[in-house]
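Chain by chain, the residues run as shown.
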Amino acid sequence: MLKRLVSSLLVLAFVLSYSVTSATAADKPVVGLVMKSLANEFFKNMVEGAERFAKEDGTFELVAVGMNSETDFMTQVSAVENFIAQGVDVIVLAPADSALMAKSAKQAIDKGIVVVNFDVTLDKKALKKVGLPEDFLFVGPDNADGAQMVGDYLGEKIGKGGKVIIIEGNPGADNAKQRKEGFMRSVKKYDLEVLASNTAHWETEEANALMSNLLLVHPDVQGVMCANDSMVIGAQKALQAAGRTDVQIVGFDAIAPVNKMIEEGKVLATIDQFGQDLASAGIKVGLNLLSEGKVGPDNIPTGWFKTPIELVKKK
C-alpha cells in the first residue's frame, strides 16, 4: 500500500497539466501523455510543443506526466495505471524501458484505450510476449539512420581509421540500441577504431564523469559519438576541462545549448528530430484512431508513422 501511494505521489509530482472532470471528459477526449525525464531539455521542449498544440487545437484535454530521471521506470508504469483508472481516451507513450512498458500498453488497450507508441519503439519480443503485434504502431524518426548521418559526418572529419568513443543511451531503450547500431555503421564505413563504448544513461553528469575517466585511459581519442545531446554537454565539459579541443564530438537531439556549441565550434554536429513536434504527431495519430473507432484489443494499429531528421552543423 505504501509503495503504491509513493508511486502515485511521484506521478502526480510530474503532472504538468491536469484538469479532468466528469464534465470535461464528456465534452472532450482526454489524452494522457507519458514522457521520459523532464530534466532533459529535449523532453521539456517536447511537452511544451504538445501543450501549445493542445491549446491551439482546443478539441481535447491533455494530461502530461514525466519522470524524475531517465531510469525512473516505475513512474511511467504508475502513470499508465493511473490513466487507466481515470479512464482517459488516448495514451501517447514514450517508453524509457522498451520491454517493461509493453505490458502497460497491453493493459491500457484491453481497457479500450487507444495507445500510441512514440519517440522510442516498444521492444518487439516484449510486444509479442504480451500478445501485441511486433509492428505495433510507432510514431517517430529512424534513429539508426540519424545516428549514421551524424556518425558519417564525424568520420569525414577525423578520416579513415580514426579513434572514437561511443557514449550510449539507456540500455533498456530501443532508440539507444538503434543509435548504437547507426554509429556502428559509420564505424564500419570509415574503418574507425572504437576505443570504448559505454552507457551514461542519457544523463549529463554521468557522461561528464565517464568522459573524464575515459580520457585518462584513451588519450589518443579523436572523436566522441554521444547518443543524445544531454550527454554531449557532459562529455564536452570533460573535454574542455582536460584542454582537449582537438577531439570532435557529435550528438543527437539538437537542443539549444548544443546548437550554440556547434556555432561556437565546441561541438561538431547533432541530429534534429524536431522534438517539439514529436509528441504532437503522436497525439494527432491517437485522436484520428479514436475518431475512426479503432479502439480496443480487436483494433490494434500497426505500422510506422516516420517523422523527419536533419543534420545540424556549423553554418
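A brief report on the enclosed structure follows. (Residues numbered from 1 in each chain as written. Predicted model: local features only at pLDDT ≥ 70, side-chain atom pairs only at ≥ 80, totals over all residues. Heavy atoms only, no water.)

### A word on helix H11 (residues 256–263)
Val258, Met261 and Ile262 are the residues of H11 that are buried. In an axial view of H11, the angular spread of the buried residues amounts to 105 degrees, which keeps them on one side of the axis. Residues of H11 that are buried in the fold lie against helix H10 (229–241), strand S11 (269–272) and strand S13 (310–313). Immediately beyond the C-terminal end of H11, within one or two residues, lies Gly265, with a positive phi of roughly 80 degrees. (Buried < 20%, exposed > 50% of the residue type's maximum accessible area, 1.4 Å probe, protein only. Helix = DSSP H or I, 4+ residues; strand = E, 2+ residues; numbered from the N terminus. Arc of directions from axis to C-beta. Contact = heavy atoms within 4.5 Å.)

### Considering the nonpolar core
In terms of nonpolar packing, the biggest core is built from 77 residues, with Leu33, Phe118, Ile167, Met211 and Ile283 touching the most fellow members. Those residues in contact with Met211 that sit more than four places away from it in its chain are Ile165, Ile167, Val224, Ala235, Ala238 and Leu239. Within the second largest apolar cluster, 24 residues are counted, among which are Phe83, Met101, Ala105 and Ala108. (Core = buried A, V, L, I, M, F, W, Y, C linked by side-chain atoms within 4.5 Å.)

### What to know about the packing of aromatic side chains
What describes a pair of aromatic rings is the distance from one ring centre to the other and the angle between the planes of the rings. If you walk through the whole model with that rule in mind, you get three aromatic pairs. On the numbers, 5.1 Å between centres and 80 degrees between planes, the contact of Phe42 with Phe43 is edge-to-face. The burial state of Phe42 is the same as that of Phe43; both residues are buried. Here the aromatic rings of Phe138 and Trp304 are separated by 6.2 Å at their centres, their planes lie at 55 degrees, and the arrangement is tilted. Of this pair, Phe138 sits in strand S6 (residues 138–140) while Trp304 sits in strand S12 (residues 304–306), and the two are 166 residues apart along the sequence. On the basis of relative accessible area, Phe138 is assigned to the buried category, the value being 5%. Of note, Lys284 hangs over the ring of Phe53, and the distance from its end group to the ring centre comes to 5.2 Å. The ring of Trp304 has Lys306 lying over it, and the distance from NZ or CZ to the ring centre is 4.4 Å. (Phe/Tyr/Trp six-rings, centres within 6.5 Å; stacked < 30°, edge-to-face > 60°. Lys NZ or Arg CZ within 6 Å of the ring centre and 35° of its normal.)

### Observations concerning helix H12 (residues 275–291)
The terminal C-alpha atoms of H12, which comprises 17 residues, lie 25 Å apart, in line with the 24 Å expected from a rise of 1.5 Å per residue. Here H12 has its buried residues at Gly275, Leu278, Ala279, Ser280, Ala281, Gly282, Ile283, Val285, Gly286, Leu287 and Leu289. (Expected span 1.5 Å × (residues − 1).)

### What to know about the packing of helix H4 (residues 73–86) against helix H5 (residues 100–110)
It is the contact of H4 with H5, at a shortest axis distance of 10 Å, that shows an interaxial angle of 0 degrees. Comparing their axes, H5 and H4 come out roughly parallel. Judged by residue contacts, Phe73, Gln76, Val77, Val80 and Ile84 of H4 engage Leu100, Met101, Ser104, Gln107 and Ala108 from H5. (Axes fitted to C-alpha atoms, helices over the stretch in contact; angles between N-to-C directions. Parallel < 35°, antiparallel > 145°, perpendicular 65-115°, else oblique.)

### Let's talk about unusual backbone geometry
Outside of glycine, negative phi angles account for most residues, and trans bonds account for most peptide bonds. Within the chain, His201 stands out as a residue other than glycine whose phi angle is a positive 55 degrees. Tracing the backbone shows His201 in the loop between strand S8 (193–199) and helix H9 (204–217). Positive phi is not limited to glycine here, since Trp202 has a value of about 75 degrees. Of note, Trp202 is situated in the loop between S8 and H9.

### Quick notes on the packing of H10 against H11
Across the interface, H10 lies against H11 with an axial gap of 9 Å and an inter-helix angle of 50 degrees. When the interaxial angle is binned, H10 and H11 end up oblique. Handedness of the crossing formed by H10 with H11: left-handed. In contact with Asp229, Val232, Ile233 and Gln236 of H10, H11 contributes Pro257, Val258 and Met261. Residues of the contact of H10 with H11, tallied by class, amount to five nonpolar, one polar and one charged. (Left-handed = near helix turned anticlockwise from the far one by under 90°. Nonpolar A, V, L, I, M, F, W, Y, C, P; charged D, E, K, R; others polar.)

### Description of the side chain of Ser104
Within the secondary structure, Ser104 is located in helix H5. Not counting chain neighbours up to four residues away, the residues in contact with Ser104 comprise Val77 and Val80.

### Examining the environment of Phe138
Spatially, the C-alpha atom of Phe138 lies 5.4 Å from that of Phe118, the residues being 20 residues apart in sequence. When near neighbours in sequence (up to four residues on either side) are disregarded, Phe138 contacts Asn117, Phe118, Asp119, Val120, Thr121, Gly303, Trp304 and Phe305.

### A closer look at the pairing of strand S5 (residues 114–118)
Of all five residues that make up S5, five are buried, and the element is covered over most of its length. Both faces of S5 are covered, namely the face carrying Val114, Val116 and Phe118 and the face carrying Val115 and Asn117. As defined by bridge partners, strand S4 (residues 90–93) adjoins S5 across four bridges and the pair is classed as parallel. Across the sheet, the residue bridging to Val92 is Val116, located in S5. Here two bridges tie S5 to S6, and the two strands are oriented parallel to one another. Directly across from Phe118, in S6, lies its bridge partner Val139. Regarding the hand of the β-α-β motif, the stretch spanning S5, helix H6 (residues 124–130) and S6 is right-handed. (Pairing = 2+ DSSP bridges. Right-handed = clockwise from strand over helix to strand, strands pointing away.)

### Concerning the pattern of salt bridges
All told, the structure shown has 12 salt bridges when counted by the stated rule. Across the pair Asp152 and Lys189 runs a salt bridge whose closest N-O atoms are separated by 3.2 Å. You can see Asp152 sitting in helix H7 (residues 143–158) and its partner Lys189 sitting in helix H8 (residues 174–189), a full 37 residues away along the chain. A relative accessible area of 43% places Lys189 in the partly exposed class. Taken together, the salt bridges that share partners define one network made up of Asp145, Glu181 and Arg185. (Salt bridge = Lys/Arg side-chain N within 4 Å of Asp/Glu carboxyl O.)

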